[in-house]
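Residue-level structure breakdown
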Amino acid sequence: ETMISGNRDVEDFYNRFGWKMQSGQTGDAELFWPSESGPLRDAMERQRQGRVLSALREAGPKLSLVEAGCGGNPAIPLLPVCAHYTGVDFSEAGLELARRKLSSCEVPFDLARSDVCSLPFPDGTFDAGYSAHVFYHIDDVASQAKAYTELCRVVRPGGKIVLILANPRPLLFPLRMLARIVADTPILSDAIRRLRRPGRLPYRPMTLSWMRRQMAPFGTVRMSCHALEPVWLSQHVSERTRFGTALLRIMKRAERVVPEKLVRLGNYVLITVTKGR
């Protein structure tokens, strides 16, 4: 196993907290999952998963799929399109949790302990590659770029690479956009680091244009909105209220009807690459 500099903090966080059970759920779920579920949120999640499945199906009916950074939450909703699933993560605690979840599924699987910046597979091993909410936790920009390259490298020509990542400058949420612009400005970001306690996890989402540049050499890149809402909204807006229900219905419809037009507005982006032959 090769550990890229700067990823050790993330590994330590997930081994100590993220993939440990806390009051019936993992620390990761406590921090990042919606505080409550309901029929509307469940429908939104199925709709989002459906777009991911549609993108993967373009590579074939039954795929060998690799997930970079599966942790303890492997992409079980994607197994219907898989002939074989491979999960990669550097957290032993995460891989053990993933093994327990996958053991009840019918799809054959392998799990490998490795840094996503240095995948232990030959070129073109898989029909498709997938990663969700992982790369923007790599604090070093060069290492983050390496993660994109590695996932593209291990997918065969004509295959698909599907990523879910954060949009650092969501136009629909100007305060979040402004905070990220400040964080990306060297002098201002250094001052903020001195004044504020560091977060539990590194968080360095790159701009959409930067992400496109990393993927473009490997094939055709498509971007669309994956989810409009940030984590804060998903944890504080309830569908039990009239306001919450109305807001979620608007977002659900918008994400379904015009996801390509929302790519710069929302907080999470779906990137699909068809690898060149």
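Description of the structure in this document. (Residues numbered from 1 in each chain as written. Predicted model: local features only at pLDDT ≥ 70, side-chain atom pairs only at ≥ 80, totals over all residues. Heavy atoms only, no water.)

Thoughts on the overall build of the protein
For clarity, the cut-off: Working definition: helices are DSSP H or I runs of at least four residues, strands are E runs of at least two. Numbering for both runs from the N terminus. Both definitions apply: the radius of gyration is a C-alpha atom measure, and the globule rule equals 2.2 Å times residues to the power 0.38. Working definition: with a 1.4 Å probe on protein chains only, accessible area under 20% of the residue-type maximum means buried, over 50% means exposed, and in between means partly exposed. Contact between two residues is taken to exist if any of their heavy atoms lie within 4.5 Å; hydrogens are not considered. In this count, Lys and Arg are taken as positive residues and Asp and Glu as negative ones, while His and the chain termini are left out. A single reference atom marks each charge: NZ on Lys, CZ on Arg, CG on Asp, CD on Glu.
Looking only at helices and strands, one finds 10 helices and 9 strands in the protein. Relative to the globule expectation of 19 Å for 277 residues, the C-alpha radius of gyration of the protein, 18 Å, shows essentially globular dimensions. In the protein, buried positions account for 53% of the 277 residues. Look at the contacts in the protein between residues 6 or more apart in sequence, and 75% of them connect residues 24 or more apart. Once the 39 positive and 28 negative side-chain charges of the protein are each reduced to a mean point, those two points are 7 Å apart.

Quick word on the pattern of salt bridges
A side chain of one charge can pair with a side chain of the opposite charge if their charged atoms are brought near each other. Filter applied, for reference: A pair is scored as a salt bridge if a Lys or Arg side-chain nitrogen falls within 4 Å of a carboxyl oxygen belonging to Asp or Glu.
All told, the structure shown has 16 salt bridges when counted by the stated rule. When the shortest N-O distance is used, the salt bridge between Arg-48 and Glu-255 registers 2.9 Å. In this pair, Arg-48 sits in helix H3 (residues 39–57) while Glu-255 sits in helix H10 (residues 242–257), placing the two residues 207 residues apart along the sequence. For the residue pair Arg-48 and Glu-255, the accessibility class agrees, reading buried in each case. For the salt bridge of Arg-156 with Asp-127, the shortest nitrogen-to-oxygen distance reads 2.7 Å. With a gap of 29 residues between them, Arg-156 in strand S7 (residues 155–166) and Asp-127 in strand S6 (residues 126–132) connect regions that are remote in the sequence. A relative accessible area of 18% places Asp-127 in the buried class. Within this structure, Arg-41, Arg-48, Glu-229 and Glu-255 form a network of salt bridges that share partners.

Some details on the side chain of Arg-48
Overall, the relative accessible area of 7% leaves Arg-48 in the buried class. Setting aside residues up to four positions removed in sequence, Arg-48 forms contacts with His-226, Ala-227, Leu-228, Glu-229 and Glu-255.

Observations regarding the nonpolar core
Condition: Take the buried residues of types Ala, Val, Leu, Ile, Met, Phe, Trp, Tyr and Cys, join any two whose side-chain atoms come within 4.5 Å, and each joined set is a nonpolar core.
Ranked by size, the top nonpolar core spans 37 residues in total, and within it Phe-135, Leu-163, Leu-165, Met-211 and Ile-271 carry the most contacts. Elements with a contribution of two residues or more to this core: strand S3 (63–68), helix H5 (141–153), S7, helix H8 (208–215), strand S8 (219–227) and strand S9 (268–275). Residues in contact with Met-211, not counting those within four places in the same chain, are Tyr-148, Leu-165, Ala-166, Met-206, Met-223, Val-269 and Ile-271. Counting residues in each nonpolar core, the second largest holds 25 residues, with Cys-70, Cys-82, Leu-111 and Ile-164 among its members.

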